[in-house]
Structures are given as structure tokens and as C-alpha cells.
Amino acid sequence: MSFPAGTGHRCMTKVLWHITMSLDGFIGTTGNDMAWMQDFVGPNETVDEVIPQIGAVLLGNRTFAGGEGDGKPYGSLWNGPMFVLTHRPPAEPVENYAFVTNLADGLATARQAAGDKYVAILGADVAKQCIAAGELDEILVHQVPVLLGGGVRAFEYPGGAHVRLERRSLSATPLVTNLWFRVGR
């Protein structure tokens with residue numbers, strides 16, 4: 001199976017899937033705990049480059065529920081509009097988050113909030129939906145030297161999928177290898 005070529009709305013805003021991944025391809029543990037990533041936080045010029053370019057975050061409900069300690073993507077490094085894609089928005093508002101129930105509305109709202117900066121996608125399922133809709137422009141992977149052995153796969157598509165990527169940049173720190181790609185059209 002292949003994904004359709006991008007037919008969605010295009011503007012200056014780019015959609016970036018931003019992930020930290022184990023060497024064996026997992027972005028969350030079996031219980032979707034993301035605390036394992038903290039062992040690999042350190043100085044990283046690529047992170048320093050991308051964070052100020054992010055205008056909004058669209059994340060999946062599983063990523064939202066798995067959280068990162070303080071409940072904020074990127075901790076104290078970034079502050080801005082955050083949108084959670086979910087089938088079941090909470091009855092009560094959650095501080096600093098807005099909830100959307102479909103990808104098209106979520107992307108439109110996040111793009112508007114981001115202006116000419118990136119909409120950062122956090123979460124495997126949201127990224128897969130963006131790829132299927134032809135709406136993902138770039139992928140930035142921080143590959144870390146650990147084998148988790150199980151958990152949430154970065155990308156999994158039953159029956160297979162072929163997504164062509166073009167390398168934008170490659171760099172490394174003592175803790176992380178940064179792989180930045182453009183999604184081929």
C-alpha cells in the first residue's frame with residue numbers, strides 16, 4: 001500500500017513530526033511511559049534550532065496521557081498553543097490545551113495558531129494520519145542508543161506502506177543522533 005500524494009491545504013506553515021526514538025524503533029514503552037527519554041536530554045544544536053521554529057503542537061491523546069513529567073511538550077523550552085486530537089475530549093477544560101476531534105480541523109486550527117512556523121506533531125497515530133492525508137512535510141528523529149524491546153512503534157502500518165524520505169540533515173551529540181528528513185511527494 002502506498003499513501004496518496006499531498007493534496008491537502010498548503011501554506012507557509014509546515015507540519016513536522018518530531019520524535020525521540022529508541023534504536024529498535026519505539027517512541028514509548030509498553031505502558032506508554034515516556035520518562036525513559038529523560039536519560040538522553042542534553043545539549044543539542046538541532047533541538048536549539050527547531051524549538052524557536054515551532055508555532056503550535058498537535059498531539060495525540062495517547063501522547064497527551066503519557067505526558068512528560070510537567071505536562072508540557074518540550075518542558076520549559078517551548079511555550080505556545082497545544083491541541084490534542086482525540087475522539088473523547090474531556091468534559092472539563094484542561095489548562096493550556098484545546099481538544100479537536102478530527103485531523104482536518106486539528107491541522108487547520110494548529111496551522112492558524114502557528115502562523116509561518118512549524119506545527120509539531122507528537123504521537124505515532126497522529127503522524128500516521130498526517131502521512132495518509134498527505135499533510136506531513138518533515139520528520140525530525142532524535143535516535144537514542146537504547147533498545148526498549150517493546151512499546152509504541154514509531155511507524156507501523158498493517159499491510160505495509162512506502163513513504164519516501166529525503167535527508168535534510170544528519171548530526172550527532174554524545175547522547176543522540178539527529179535525523180531530519182523531508183517527506184517525498
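Because the structure is predicted, anything quoted here is derived from the model rather than measured.

**Q** Summarise the overall build of the protein; cite the residues concerned and give the values.
**A** The secondary structure content of the protein amounts to four helices and 10 strands. The globule rule puts the C-alpha radius of gyration for 185 residues at 16 Å, and the 16 Å found for the protein is close to it. If one aligns the C-alpha atoms of the protein with their principal axes, the spans along those axes are about 40 × 40 × 35 Å. Looking at the protein alone, contacts between residues at least 24 apart form 76% of all its contacts between residues at least 6 apart. Accessible surface, the protein: about 9,700 Å² in total, of which carbon and sulfur atoms supply 53%. Here the protein holds 14 positive side-chain charges and 18 negative ones, and the gap between their average locations is 8 Å.

**Q** So, the pattern of salt bridges: which residues are in play, and what are the values?
**A** Pairing is possible between side chains that carry opposite charge, provided their charged atoms lie close to one another. All told, the structure shown has four salt bridges when counted by the stated rule. Note that Arg 111 and Glu 135 form a salt bridge whose closest N and O atoms lie 2.9 Å from each other. Residue Arg 111 is found in helix H3 (residues 103-114), and its partner Glu 135 is found in the loop between helix H4 (124-132) and strand E7 (138-144); the two are separated by 24 residues along the sequence. Each of the two residues, Arg 111 as well as Glu 135, counts as buried. Note that Glu 138 and Arg 168 form a salt bridge whose closest N and O atoms lie 2.9 Å from each other.

**Q** For unusual backbone geometry, give the residues involved together with the corresponding values.
**A** The phi angle of most residues is negative, glycine excepted, and most peptide bonds adopt the trans form. Backbone geometry places Asn 96, a non-glycine residue, at a positive phi of 75°. Tracing the backbone shows Asn 96 in the loop between strand E4 (82-85) and strand E5 (98-100).

**Q** Account for H4, naming residues and giving values.
**A** Considered for burial, the residues of H4 that qualify are Ala 124, Val 126, Ala 127, Cys 130 and Ile 131. Axial view of H4: buried residues confined to an arc of 165°, hence all on one face. Two residues or fewer after H4 comes Gly 134, characterised by a positive phi angle close to 70°.

**Q** Lay out the sheet that holds strand E6 (residues 118-122) in plain terms, naming residues and giving numbers.
**A** Pairing is mixed across the open sheet formed by eight strands, whose spatial order is E5-E4-E3-E6-E1-E7-E10-E9. What marks the edges here is a single partner per strand, and that holds for E5 and strand E9 (165-172). Averaged over all adjacent pairs, the angle separating strand axes in this sheet is 25°, with direction ignored. When E9 meets strand E10 (residues 177-183), the two strands line up antiparallel, connected through seven bridges. Across the sheet, Leu 170 pairs through a bridge with Leu 179, a residue of E10.

**Q** Can you lay out the side chain of Asn 44 for me, pointing to particular residues and giving the numbers?
**A** Examined against the element boundaries, Asn 44 turns out to sit in the loop between strand E2 (26-28) and helix H1 (45-50). A relative accessible area of 6% places Asn 44 in the buried class. A polar side-chain atom of Asn 44 sits 2.9 Å from the main-chain amide nitrogen of Thr 46. Once you skip the residues sitting within four places of it in the chain, Asn 44 turns out to touch His 142, Thr 173, Val 176 and Asn 178.

**Q** Would you mind going over the nonpolar core in detail, with residue names and values included?
**A** Membership of the largest hydrophobic core comes to 27 residues, with the highest contact counts inside it found for Trp 17, Leu 58, Ile 121, Cys 130 and Leu 136. For this core, the secondary-structure elements that each account for two or more residues are strand E1 (15-22), strand E3 (54-60), E4, H3, E6, H4 and E7. The element best represented in this core is H4, accounting for five residues. Excluding anything up to four places from it in sequence, Cys 130 contacts Val 15, Leu 103, Leu 107, Ile 121, Glu 135 and Leu 136. If you look at the next biggest cluster of nonpolar residues, it comprises 17 residues, including Val 47, Val 57, Met 82 and Val 84.

**Q** So, the packing of aromatic side chains: which residues are in play, and what are the values?
**A** The tally for this structure, following the rule as stated, stands at four aromatic pairs. Between Trp 36 and Phe 40, the ring centres sit 6.3 Å apart and the planes meet at 65°, which makes this aromatic pair edge-to-face. The two residues Trp 36 and Phe 40 agree in class, both being buried. Site record: aromatic cluster; members linked through ring pairs are Phe 64, Tyr 97 and Phe 99. Positioned above the aromatic ring of Trp 180, the side-chain terminus of Arg 168 is 3.9 Å from the ring centre.

Conventions we followed
Residues numbered from 1 in each chain as written. Predicted model: local features only at pLDDT ≥ 70, side-chain atom pairs only at ≥ 80, totals over all residues. Heavy atoms only, no water. Helix = DSSP H or I, 4+ residues; strand = E, 2+ residues; numbered from the N terminus. Rg over C-alpha atoms; globule rule 2.2 N^0.38 Å. Contact = heavy atoms within 4.5 Å. Areas by Shrake-Rupley, 256 points an atom, 1.4 Å probe, with all protein chains shown as cover. Lys, Arg positive; Asp, Glu negative; His and termini not counted. Charge placed at Lys NZ, Arg CZ, Asp CG, Glu CD. Salt bridge = Lys/Arg side-chain N within 4 Å of Asp/Glu carboxyl O. Buried < 20%, exposed > 50% of the residue type's maximum accessible area, 1.4 Å probe, protein only. Arc of directions from axis to C-beta. Pairing = 2+ DSSP bridges. Axes fitted to C-alpha atoms, helices over the stretch in contact; angles between N-to-C directions. Polar contact = N/O pair within 3.5 Å; in protein donor to acceptor, adjacent residues only side chain to side chain. Core = buried A, V, L, I, M, F, W, Y, C linked by side-chain atoms within 4.5 Å. Phe/Tyr/Trp six-rings, centres within 6.5 Å; stacked < 30°, edge-to-face > 60°. Lys NZ or Arg CZ within 6 Å of the ring centre and 35° of its normal.

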